[in-house]
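# Breakdown of the fold
Chain by chain, the residues:
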Amino acid sequence: MSVHIAQVCRAAALCGAVMRGSAWALVVAAWGAWGAVGAAGGGPRAVVRGAVRFGALFAVHGAPAAARADARCGAVREHYGIQRVEATLLALDAINAHPRLLAGLRLGAELRDSCWAAPTALRQTIDLVRDAIAPPDAHHAPHPSADNCSRAGAGEQGAAPLVAVLGPGASSAAVQVQNLLQLFSIPQVSYSATSRELSDRARFSTFFRVVPSDRHQARLLVALLRAHNWTYVHAVHTDGECRRADTDGVLTATGRSTFGAPWLRRQRATGRAAWLLAGLARAPPARPALRLVASDGWADRRDVVQGVERAARHALTLRIRSPYLADFDAHYLALSPHNNTRNPWFQEFWEQKFGCSLAAEPPRGVRRCSGSESLAANYTQEPKLALVVRGVYALAHALHAMRGALCGERAGLCAAMLPFNVSLYRQHLARVRFRAPDGGLVAFDHNGDPPPELSEYDVMSFERSASGAWRYVRVGRWRRGALRLRGGEAAAARRAAGVRAACSEPCGAGQWARPGEGRARCCWTCVSCPPLAVTVPPPAPGCRLCPPGHRPDSRRTVCLPSAVEWGGGGGWARAVAGCAGAAGLAAAATCAVTFWRHRATPGVKSASRELCALLVCAAAVCHGAALAAVVRPAPLPCALVRLAAPALGGVYAAVLARTVRVARLVAASERRPGARPRLLSSRAQVWTWVALSAPGAVVAVWSALRWPPGPRLLHPGRARSVLACGGEDAVAQLAPLAPALVLLASCVALAVRTRRLPHNFNETRWVGAAAYATCVIWVAFFPLYAAAEARSCALCAGVSLSAGACVALALGPRVWLCLCRPQRNTRAHFLTATSIRCHLGKYRAGAAAPRRDVACQTVRWSWAARGECAAAACARVTRTARGTDTADVVIVLLQHRHALPDALLHTDLTHNIIDTIE
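Just so it is clear, the model here is predicted, and its values are computed rather than measured. (Residues numbered from 1 in each chain as written. Predicted model: local features only at pLDDT ≥ 70, side-chain atom pairs only at ≥ 80, totals over all residues. Heavy atoms only, no water.)

### Brief notes about the side chain of Arg642
Topologically, Arg642 is positioned in the loop between helix H19 (635-641) and helix H20 (644-671). Residue Arg642 is classed as buried on the basis of its relative accessible area of 16%. Within the structure, the side chain of Arg642 is placed 2.8 Å from the side chain of Ser703, a separation counted as a polar contact. Here the side chain of Arg642 touches Trp707 through a polar contact of 2.9 Å, landing on its backbone oxygen. (Helix = DSSP H or I, 4+ residues; strand = E, 2+ residues; numbered from the N terminus. Buried < 20%, exposed > 50% of the residue type's maximum accessible area, 1.4 Å probe, protein only. Polar contact = N/O pair within 3.5 Å; in protein donor to acceptor, adjacent residues only side chain to side chain.)

### Some points on the packing of helix H16 (residues 571-597) against helix H25 (residues 791-820)
As a packed pair, H16 and H25 sit with axes 8 Å apart at the nearest point and diverge in direction by 30°. Classed by the angle they form, the pair H16 and H25 counts as roughly parallel. Between H16 and H25 the crossing geometry is left-handed. Residues Ala573, Arg574, Val576, Ala577, Ala580, Gly581, Cys591, Thr594 and Phe595 of H16 lie in contact with H25, whose contacting residues are Cys793, Ala794, Ala797, Ser800, Leu801, Val807, Leu811, Arg814, Val815, Cys818 and Leu819. Each residue belonging to the contact of H16 with H25 can be placed in one class, and the counts come to 15 nonpolar, three polar and two charged. (Axes fitted to C-alpha atoms, helices over the stretch in contact; angles between N-to-C directions. Parallel < 35°, antiparallel > 145°, perpendicular 65-115°, else oblique. Left-handed = near helix turned anticlockwise from the far one by under 90°. Contact = heavy atoms within 4.5 Å. Nonpolar A, V, L, I, M, F, W, Y, C, P; charged D, E, K, R; others polar.)

### Some remarks on helix H13 (residues 385-407)
In this model H13 runs 33 Å from its N-terminal to its C-terminal C-alpha over 23 residues, within 8% of the 33 Å that 1.5 Å per residue would give. Counted residue by residue, H13 has 17 buried out of 23 residues, so it is predominantly covered. Positive backbone phi, at 70°, marks Gly408, one or two positions downstream of H13. (Expected span 1.5 Å × (residues − 1).)

### What to know about the state of the cysteines
Scanning the model with the defined rule gives seven disulfides in all. Each sulfur of the disulfide joining Cys529 and Cys543 lies 1.9 Å from the other. On the sign convention where negative is left-handed, the bridge of Cys529 and Cys543, at about -85° about the S-S bond, is left-handed. Of the two residues, Cys529 is situated in the loop between strand E19 (524-528) and strand E20 (533-536) and Cys543 in strand E21 (residues 542-545); the sequence distance between them amounts to 14 residues. For Cys543, a relative accessible area of 35% puts it in the partly exposed group. In this model Cys546 forms its disulfide with Cys559; the gap between the sulfur atoms is 2.1 Å. Judged by the torsion about the S-S bond (-85°), the Cys546/Cys559 disulfide is left-handed. Of the two residues, Cys546 sits in the loop between E21 and strand E22 (550-552) while Cys559 sits in strand E23 (residues 559-561), which places them 13 residues apart along the sequence. For the pair Cys546 and Cys559, one class covers both residues: buried. A disulfide-free cysteine, Cys796 has its sulfur positioned 6.8 Å from the sulfur of Cys793, the nearest such atom. (Disulfide = S-S within 2.5 Å.)

### Let's talk about the pattern of salt bridges
If you walk through the whole model with that rule in mind, you get 19 salt bridges. The salt bridge involving Asp449 is made with Arg209; its shortest N-O contact spans 2.7 Å. Highlighted residues: Asp449 in the loop between strand E14 (441-443) and strand E15 (457-464) and Arg209 in strand E6 (residues 207-209), separated in sequence by 240 residues. For the pair formed by Asp449 and Arg209, the shared burial category is buried. Where salt bridges share partners, they join Asp300, Arg319, Arg321, Glu456, Asp458, Arg477 and Arg479 into one cluster. (Salt bridge = Lys/Arg side-chain N within 4 Å of Asp/Glu carboxyl O.)

### Structural notes on the environment of Arg310
Summarising the element assignment, Arg310 is placed in the loop between helix H10 (302-305) and strand E10 (316-320). The class of Arg310 is exposed, set by a relative accessible area of 64%. Sequence-wise, Arg310 and Arg464 are 154 residues apart; in three dimensions their C-alpha atoms are separated by 9.0 Å. Those residues in contact with Arg310 that sit more than four places away from it in its chain are Arg464 and Trp470.

### Quick notes on the packing of aromatic side chains
Throughout the structure, instances matching the rule amount to 12 aromatic pairs. Ring centres of Phe420 and Tyr425 lie 5.7 Å apart, and the angle between their planes is 55°; on these two criteria the pair is classed as tilted. Measuring from centroid to centroid gives 5.4 Å for Phe462 and Trp470, while their planes differ by 10°, and the two rings are stacked. The class for Trp470 is buried, based on a relative accessible area of 17%. It is Arg77 that lies over the ring of Tyr80; its NZ or CZ is 4.6 Å from the centre. Sitting above the plane of the Phe208 ring, Arg201 keeps its charged end 4.8 Å from the centroid. (Phe/Tyr/Trp six-rings, centres within 6.5 Å; stacked < 30°, edge-to-face > 60°. Lys NZ or Arg CZ within 6 Å of the ring centre and 35° of its normal.)

Structure below.
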C-alpha cells in the first residue's frame, strides 16, 4: 500500500512541476521511469534537526553486486561509511554548540547512504532536493492527499531549506550528482572526489571540494617516478589523467603487448587495487620484480592489502594529507548500540563487525552480542575524516557569512534570508577562508578547488617491521608543488634497486635517447654524440657541440671551460729565447759599464761613442723582448715582444752607420788627402741612425695598429684555450722585420766592399764578422720559425742572437782592450798601422809655411819559411793652414817593404817605434 501511495505522490508532484514549467519536471520524470524505490533508493537516514539543513551522502554500504534498480547494497563499511557519519554528527554538535559560529541558528543535516554507486547517489539526491525545489503550494487548494504526500516525502525536515549537499565520495558519483544539483544552483561540497573533470567551471558551476584535484596528484606521480629514476611505467587503470606523464619524461604504456601477464589480465580490466594484488599473489615466484605506485584511491587503506600483504610490499601510495583527529577517537570508541541511536546503520555495523546479533532472539547459528565488545579492537582512524569535517565547517562558515550580510547581528533566521537564496549562498561559499579545527586552512580558488599551496600529499610505503607487522610508513611529502623524500636521493636509489623501469637500457655518457615510433614510442635507441658535444635533454633531445675553448664534463651533459694554457708548446724556442735574452742583457750591460768607465780613453773615443750607445740600447731592447716572450702573456710583455723587430733594425742601423763613416773617411783620404768629409759629427751620426731606423719603426706601428699586441685566447684545437699575445700571425711578426733585414743586407754588402781596410781595431773587420754571423742566424731562422709552435719565442730568440752577435763582434774587441790590455789603450797605438791609418785633428802651427814630416814605424808583418822580412809604413804628413794659429793635418801612411837585419827584427824597436805628432 505504501508503494502505491508513493507513486501517486510522485505523479502529483510531476503534474504540478510540469504545469509550472520547471526543470524539476525532467528530473522527476526520469526518476519516475525507474519505478518504485528499490532497496538502495530508500532506506534509513540520519537526521539532525535545524532551521536550515544540508544533505550528506556517504558510502555506508558497499556497492551493489549488480547494476540493477532493485539490487541490494553490499556490507557496511566502517572507514568509508560509519566513521564518516560519526565525524559529521560530531562536527554538527560542535558547530551548534559554538558560541560565535551561527550563534542562535541551529544547523541541521540529513545523511543518506550512496552505497558507493552513482545511480544510488543520484536517487538519494533527488529525495533530498525534491521538497526544497517543489514544496507544497500554500496558495492553491491542496488535494485531499497532498498533506499526506508532503509529510511522507519531507518528513519532519520538509520545511527546513536545503542549502547544500556534502559528498558523495566517488568522483563518478559526484559528477552525476553535480549534473542534477547545478540545475537548481544548489552548491555541492565534496570531501574526496578528486577527478580533474570537476574543475571545469563551465560544466560544474556549483561544485566545490576541500580535497586537492588530481591535477596536482598527476604532477606528484611524475615527480615521484622521476625521483626514483623510473621512466617507463604501465598504467594498470587510469581515466587518462596520468597520460600527461608522457610529456614530462615518464613514458606510460597501456595494452596487452606490454603488460599481458595471464594472472593480471582480469585485474587490468577492472583496475581495482585489491584484485590487482590478488593477481600478483597468484603469480609464479619467477615473475619479474614489480613495484606498485598507486594514487590516493589506495592511500593507506587496510582493506586493500588484507591477505595479500606480500604482494603489496614496498608499494608506494599517495595519501591526501589529512590531520589526525584526536578528539574523534574518544567519541568513537565510546559508542555502543545502546548510546548511539541517531545513527540508523550503527546496529547493523555492530552486528557485522563482531559477528553477533542484538536481537532478543538471534537467528539460528548466530550468537547474541554480549555487550563486552569494543570498537577499540583493530581500530584505525579513517584518513579523510579531517576533510569531511572541513566540508561541514565550510558550509557553516558560508551560512554564517550570509547571515551576517543579510541579518547583521540578529540571531537565527531573519526575514531577509527567506525564502532561502541558494545562489547567494553559493557566492558566500566561494569566498570562505578559515582555519579548521584541525589547524588547516580552508579556501577555494576560482575553480572551486583548494589553492595549489593548500594541496598537500603524503607518500606512503607499505613495509614490514622488524616484529613482522605490516604497516604504512611515510617516506615523503608533497607541499607547495615540491616533492621531499626522506633520506634524499640515497634512500630513493635503495627503493628503486632491482626494479627495471625502462623498455630500453639507459643510455651512457655522451648518448641521447631517440624515441621510437608507433607502438615502440615508449622505447628508444641510444645515439652517440661527437667527442666534443654534450647531450640535450627532452623535449628536444640531441647533441650540442661545445663552444671553442670548452670541453664536456664526465657525464657529457654540461660544457665546462678548458684550462687556460700558455707556454706549453715550443719548449726549445722558449729555452733558446730565455738563454739568449739573459746572456745578451749581461753582455750589453758589460759593454755599457765598460764604455762609461773608459769613456775618456782613445779606444772608446775612436769607436763613435754615440753610435755605440745606440747600438747597446737597441740590443738591450732585443734581449728584453726575448725574456718577455717566455713569461705569461700580459699587456706589458706582449708590447715588449712587438718591439723586437724595430729594435733589431736599430742595431743594424748603428752598425751600418759606423761602417759608412769609416768607408767615407778612407775614400775621402784616398781621393783628396787634404779634404775633410762632411756629416761626420756626432749629431750627424745620430740623425743617420734615426733615418735608417725610421722605416722599421713605421712598419712596427702599422702592425701594432693592424694586429693589437694585447693578450688573447687562441683555440688551436676546439677544446683548447691557449693564452698568447695578439699578432701571432706571420704577417704581423715578419712585416716589421723586413726593414731590419734590408739593413742587414746593406751591412753585408758594405762589409764586403770594405774588407781590405786596415784591421787594427777598425770596424770593418768586426762588422763583416757580425754581418756574416747574423746572416747565418737568419738563414737558419726561417725554417725553424715555420716549424715552431711558439712563433713569438722563435722570432725573439733569433732577434736576441743577432743583436748579441753584433754587440759581441762590434764592441767586444774594445771591451777586451779596456779590460785586459789597458797598456795598449793609448793614443800612440791608434796613430800607427801596418797599411793605412787616417786621423783628423787640429794642430797648432809651429811656422807659417807648411811643413811636411815623414816618420816611419816598423812592425812585425809576417815570417816566411826561409828568410824574414818586415813591412813598414812611411808617414807623409801634409798640413794645411786654416787660420793664424791652427792647421789641418792629414797623415797618409805609404806601405812598402824593408829588408831588416836579423838583429833588428828581434829588438823591441820593431814593436814600439812611434812618431808622436803634437
